[in-house]
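These are the residues of each chain, in order.
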Amino acid sequence: YVKRAGKNDYELFVNSMNVVAKRRLELESFLRHAIDNKELSVNYQPQIDIPTGRIIGAEALLRWNSAELGMVSPVEFIPIAEETGLISPIGEWVLREACRQVKEWRDDGLPEIQIAVNISVQQFAKQSLDKLVSKVLLETGLPVHCLELEITENMLMDDVEGAVETLHKLKDLGINLAIDDFGTGYSSLSYLKRFPIDKLKIDRSFITYVTTEPSDAAVTQAIISMAHNLGLTVIAEGVEEASQLEFLRQHHCEEMQGYYFSRPLIASDMEALLRSHKGSPKI
Ligand code: C2E
Ligand code: MG
Ligand code: MG
Ligand code: MG
């Protein structure tokens, strides 16, 4: 009896392994054609200046609507793109598309915003990120001060010397640099001052309970004051409630992003928001 149960467990295990492996293979093979099939798009989530309530930027968030699989979350397909090398063409596509779009809005006379683009581990580790970025800026005509790159803490800590060098090359071009998901990684605070960065983005996991969990409030306050002491700007991600915004305002966090103001929007909705936003603060 025991043996039979064991065998069933094993079969269950093998079956679920097959499900995972099958999904992975499907994702990989369909992702290969996602760019050519025009299945990728960029969503834009507004970033708000807390003191004035104005939209000052947007984060570019990749979307994949697969003909075979339907909508697939970037949380699922970005890691596969990283492992298979597909991140290179995909990352370049997002960067170019986001820069092109923001340049178009700028030319149309809409309020100027800065666009934040997520950079993956593989993209950051490549020697030539600065060359790619300057090429895309040149091709799209977007002024360099309108572009920000988001890098995560762990990407910096894997190879500190290499990261300092890469960041300096980007900084020399005039690009804004932000550390994404700040507080969740393992960066040693003493290293922070060595990186030529402009902004810390406090991770959503701290903001969610910032008004109810004293420890999350403490971490958030500590990040804000440390950032300010280092001369960095702070943005909070995942702001969903007025009380969270109030907390951030009281603690002099400069910027916020989250469902409270807006979910990520398709380009035409972002454009309409920018059009209606002229001169009218929304929070
Ligand atoms: P991230 O860079 O930390 O992006 C923030 C994520 O939080 C986005 O999820 C966004 O939709 C979500 N979010 C924003 N505000 C709220 C809120 O108020 N509440 C909640 N619950 N969620 C909120 P999304 O679009 O699913 O992206 C997930 C992750 O996938 C991103 O995390 C980023 O790491 C990665 N990603 C997305 N687009 C790209 C890309 O173009 N390149 C790379 N390398 N990674 C990307
Ligand atoms: Mg991000
Ligand atoms: Mg983030
Ligand atoms: Mg996050």
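The rules we used
- Note on numbering: residues in each chain are counted from 1, in written sequence order.
- Here every chain gets a letter starting at A, and every ligand a number starting at 1, in the order they are written.
- Side-chain atom pairs in this predicted model are given and counted only at pLDDT of 80 or more, local residue features only at pLDDT of at least 70, and totals for whole chains, interfaces and linings cover all residues.
- For side-chain calculations, the full set of non-hydrogen atoms in the structure is used, while hydrogens and water are omitted.
- Note that water is not among the atoms considered, so a metal site may appear incomplete; the donors listed are N, O and S atoms within 2.8 Å of the metal, with 3.2 Å applied to Na, K and Ca.
- Think of it this way: one heavy atom of a residue within 4 Å of a molecule or strand is enough to make that residue near it.
- Polar contact is defined as a pair of N or O atoms within 3.5 Å, subject to the rule that within protein one atom must be able to donate a hydrogen and the other to accept it, and that residues adjacent in sequence are counted only when both atoms are side-chain atoms.
- To measure how exposed things are, a 1.4 Å probe is used in the Shrake-Rupley method; for residues, cover is taken only from the protein chains shown.
- The distinction between a cavity and a pocket rests on a 1 Å grid over the protein atoms alone: a 1.4 Å probe fits inside a cavity but cannot get out, while a pocket stays open yet meets protein on both sides within 12 Å along at least five of seven lines, and a residue with an atom within 4 Å of a point counts as lining.
- In this description, a molecule resides in a pocket or cavity if more than half of its atoms sit within 2 Å of the grid points defining it.
- Each helix is a run of H or I in the DSSP string that is no shorter than four residues. Each strand is a run of E no shorter than two, and both are numbered from the N terminus.
- Think of it as three bins: nonpolar holds Ala, Val, Leu, Ile, Met, Phe, Trp, Tyr, Cys and Pro, charged holds Asp, Glu, Lys and Arg, and polar takes everything else, Gly as well.
- Grid points are joined across faces, edges and corners, and a volume is the space filled by probe spheres set on the points.
- In this scheme, a residue with accessible area under 20% of its type's maximum is buried, one over 50% is exposed, and one in between is partly exposed, where area comes from a 1.4 Å probe on protein chains only.
- The aromatic pairing rule takes the rings of Phe, Tyr and Trp, using the six-membered ring of Trp, and pairs them if the centres are within 6.5 Å, calling planes under 30 degrees apart stacked, those over 60 edge-to-face and the rest tilted.
- Our definition puts a charge over a ring when NZ of Lys or CZ of Arg is within 6 Å of the ring centre and also within 35 degrees of the ring normal.
- Contacts are assigned to residue pairs that have any heavy atoms within 4.5 Å of one another.
- Here, nonpolar core refers to any group of buried Ala, Val, Leu, Ile, Met, Phe, Trp, Tyr and Cys residues whose side-chain atoms link them within 4.5 Å.

Novice: Please clarify how the coordination of the magnesium ion (ligand 3) should be interpreted in this entry.
Specialist: Octahedral six-donor coordination of a metal ideally yields angles of 90 or 180 degrees, compared with 109.5 degrees for tetrahedral four-donor coordination. Taken together, the protein ligands of the magnesium ion (ligand 3) are Asp180 (OD), Asp181 (OD) and Glu237 (OE), with distances of 2.0 to 2.5 Å. In terms of primary sequence, the donors binding the magnesium ion (ligand 3) are separated according to D-D-x55-E. A spacing of 3.6 Å is found between the magnesium ion (ligand 3) and the magnesium ion (ligand 2), which share Asp180 as a donor.

Novice: Would you explain the site of ligand 1 in this entry?
Specialist: In the vicinity of ligand 1 there are 22 residues, among which Arg63, Asn118, Asp180, Glu240 and Tyr259 approach most closely. The side chain of Asp181 places a nitrogen or oxygen atom 3.1 Å from an oxygen atom of ligand 1. Arg204 has a polar side-chain atom sitting 3.2 Å from a nitrogen atom of ligand 1. Its free accessible area being 800 Å², ligand 1 has 84% of it covered by the protein chains. Among the detected pockets, ligand 1 sits in the largest pocket. Ranked by the residues each element gives to the shell around ligand 1, the list is headed by strand 2 (residues 54-66), at four residues. For the shell around ligand 1, a count of residues per class yields nine nonpolar, five polar and eight charged.

Novice: I tried to follow the layout of surface pockets on my own but got confused; where do I start?
Specialist: Picture a little ball the size of a water molecule; that probe, rolled over the atoms, points out where space is still empty. Looking at the largest pocket, its volume works out to about 1,100 Å³. In this structure, the largest pocket is lined by 35 residues; those nearest its centre are Glu59, Leu61, Pro74, Val75 and Asn118. Those elements that provide at least two residues to the lining of the largest pocket are strand 2, helix 2 (74-84), helix 3 (87-107), helix 4 (121-125), strand 5 (147-152) and strand 6 (176-182). Its residues assigned to classes, the lining of the largest pocket shows 15 nonpolar, ten polar and ten charged. Looking at the second largest pocket, its volume works out to about 260 Å³. Where the lining of the second largest pocket is concerned, the elements lending two or more residues are helix 4 and helix 7 (160-173). Looking at the lining of the second largest pocket, the element that brings in the most residues is helix 7, giving five residues.

Novice: Any chance you could explain the coordination of the magnesium ion (ligand 4) here in plain terms?
Specialist: Around the magnesium ion (ligand 4), the protein supplies Asp181 (OD) and Glu237 (OE) as donor atoms, at distances of 2.3 to 2.5 Å. Between the two metals, the magnesium ion (ligand 4) and the magnesium ion (ligand 3), the spacing is 3.0 Å, and Asp181 donates to both. Of this pair, Asp181 sits in strand 6 while Glu237 sits in the loop between strand 8 (233-236) and helix 11 (242-250), placing them 56 residues apart in sequence. Exposure remark for Asp181: the relative accessible area of 24% places this residue in the partly exposed category. For Glu237, a relative accessible area of 12% translates into the label buried.

Novice: Explain the packing of aromatic side chains here, please?
Specialist: Taken as a whole and assessed by the stated rule, the structure comprises two aromatic pairs. A ring pair is formed by Tyr44 and Trp105, whose centres lie 5.1 Å apart and whose planes are at 70°; its orientation type is edge-to-face. Here the residue Tyr44 occupies a position in strand 1 (residues 40-49), and Trp105 occupies one in helix 3, the gap between them amounting to 61 residues. The pair Tyr44 / Trp105 is uniform in exposure class, with both members buried. Here the guanidinium or amino end of Arg263 rests over the ring plane of Tyr259, the centre of that ring lying 3.8 Å away.

Novice: Would you explain the side chain of Glu28 in this entry?
Specialist: Among the secondary structure elements, Glu28 is positioned in helix 1 (residues 2-31). At 3.0 Å, the side chain of Glu28 and the side chain of Arg32 are in polar contact. Setting aside chain neighbours within four positions, we find Glu28 in contact with Ile80, Thr84 and Leu86.

Novice: Please clarify how the nonpolar core should be interpreted in this entry.
Specialist: Soluble, globular proteins show a tendency: their nonpolar side chains are buried together. Counting 81 residues, the largest nonpolar core has Ile115, Leu147, Leu149, Phe195 and Leu200 as the members making the most contacts within it. No other element matches the eight residues that helix 3 contributes to this core. Ignoring anything within four residues of it in the chain, the contact list for Phe195 reads Leu156, Met157, Val160, Ala163, Val164 and Leu167.

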